[in-house]
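# Examining the three-dimensional arrangement
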Amino acid sequence: MAALKYSRQRESIKEFLMTQTSHPTADIIYENMKQIYPNISLGTVYRNLSLLTDLGEIRKISSVSGADHYDGRIDPHCHFICTDCGRILDLDIQDTGSLLSEAQAHFNGKITGYTARFFGLCKECMKQENKENTLDIVQVI
């Protein structure tokens, strides 16, 4: 395979993702890159995200909302995805090795890696749900 030509735009996308914990979509990344490179196209952003994902330099996270999100953090970690608002949060579980050991114990083969995603309601959506429930109770009274 030929050596990959250096790209300032690709490097900027990677650097941007490494500073984010919000797991942005391609559209959000595009809007931020447009501030640095006014002539950049959405297609260029998508191509670079795909290449960076293929190279293992970033992660692509499929979400419940349908849009792919991207993560500059490539060390082993788990994600929580809110089923209400679609927010994706990092879960810093210290002992992810026990999950891998448990899976390996129940699989007659070789597991070389894994991703773990947990689903539910984030703190903000739970607060909103509690407010709505409180309003319903007040209206009933």
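Residues numbered from 1 in each chain as written. Predicted model: local features only at pLDDT ≥ 70, side-chain atom pairs only at ≥ 80, totals over all residues. Heavy atoms only, no water.

### Observations concerning the packing of helix α2 (residues 26-36) against helix α3 (residues 42-54)
Relative to each other, α2 and α3 sit at 120 degrees, their axes nearing to 10 Å. Pair α2 / α3 crosses with right-handed handedness. On α3, the residues that touch Ala26, Asp27, Ile29 and Tyr30 of α2 are Leu42, Val45, Tyr46 and Leu49. (Axes fitted to C-alpha atoms, helices over the stretch in contact; angles between N-to-C directions. Helix = DSSP H or I, 4+ residues; strand = E, 2+ residues; numbered from the N terminus. Left-handed = near helix turned anticlockwise from the far one by under 90°. Contact = heavy atoms within 4.5 Å.)

### Some details on the nonpolar core
When a protein is soluble and globular, its nonpolar side chains tend to lie buried together. By size, the foremost hydrophobic cluster in this structure holds 14 residues, and its most contacted members are Ile13, Leu17, Ile29, Val45, Leu49 and Tyr70. Elements with a minimum of two residues in this core: α1 (8-18), α2 and α3. When sequence neighbours within four positions are dropped, the list of residues in contact with Val45 reads Ile13, Ala26, Ile29, Tyr30 and Ile40. (Core = buried A, V, L, I, M, F, W, Y, C linked by side-chain atoms within 4.5 Å. Buried < 20%, exposed > 50% of the residue type's maximum accessible area, 1.4 Å probe, protein only.)

### Quick look at the pattern of salt bridges
The tally for this structure, following the rule as stated, stands at six salt bridges. Asp92 is paired through a salt bridge with Arg73; the nearest N and O atoms lie 2.9 Å apart. Placement of Asp92 in the loop between β4 (88-91) and α4 (96-105) and of Arg73 in the loop between β2 (68-71) and β3 (78-82) is noted, with a sequence separation of 19 residues between them. What makes Arg73 partly exposed here is its relative accessible area of 26%. For Arg87, the salt bridge goes to Glu124, with nearest N and O atoms at 3.2 Å. In this pair, Arg87 sits in the loop between β3 and β4 while Glu124 sits in helix α5 (residues 123-140), placing the two residues 37 residues apart along the sequence. Accessibility expressed as a relative area gives 34% for Arg87, which makes it partly exposed. Here the salt bridges share partners, and the residues they tie into one network are Arg73, Asp75, Asp90 and Asp92. (Salt bridge = Lys/Arg side-chain N within 4 Å of Asp/Glu carboxyl O.)

### Topic: the pairing of β2
Inspection of the sheet shows strand β1 (residues 59-62) paired to β2 by four bridges, in the antiparallel sense. Bridging across to β2, Ile61 finds its partner in His69. Connecting β1 to the antiparallel partner β2 that follows it, the hairpin turn spans five residues, and Gly66 within it adopts a positive phi of roughly 100 degrees. (Pairing = 2+ DSSP bridges.)

### Quick word on the sheet that holds β4
One key point about sheets: their strands pair by backbone hydrogen bonds, in either a parallel or an antiparallel sense. Ordered in space as β4-β3-β5, the three strands form an open sheet in which the pairing is mixed. Either end of the sheet is taken by a strand with one partner, and the two such strands are β4 and β5 (117-120). This sheet shows a mean twist of 25 degrees between the axes of neighbouring strands, independent of strand direction. Relative to β4, β3 runs antiparallel, the two being bridged by four bridges. Bridge pairing in β4 links Cys78 to Leu91.

### Describing α2
Residues that lie three or four places apart on an α-helix share one face, since the helix turns once every 3.6 residues. Those residues of α2 that fall on the buried side of the exposure criterion are Ala26, Ile29, Tyr30 and Met33. Mapping the buried residues of α2 onto a view down its axis gives an arc of 100 degrees, with all of them on the same face. (Arc of directions from axis to C-beta.)

### Thoughts on the pairing of β3
Taken across its five residues, β3 has five buried, putting it largely inside the fold. Judged by which residues are buried, β3 turns out to be covered on both faces: Cys78, Phe80 and Cys82 on one side and His79 and Ile81 on the other are all buried. With four bridges connecting them, β3 and β5 associate as parallel partners. Looking at the pairing, Phe80 lines up with Phe118 of β5.

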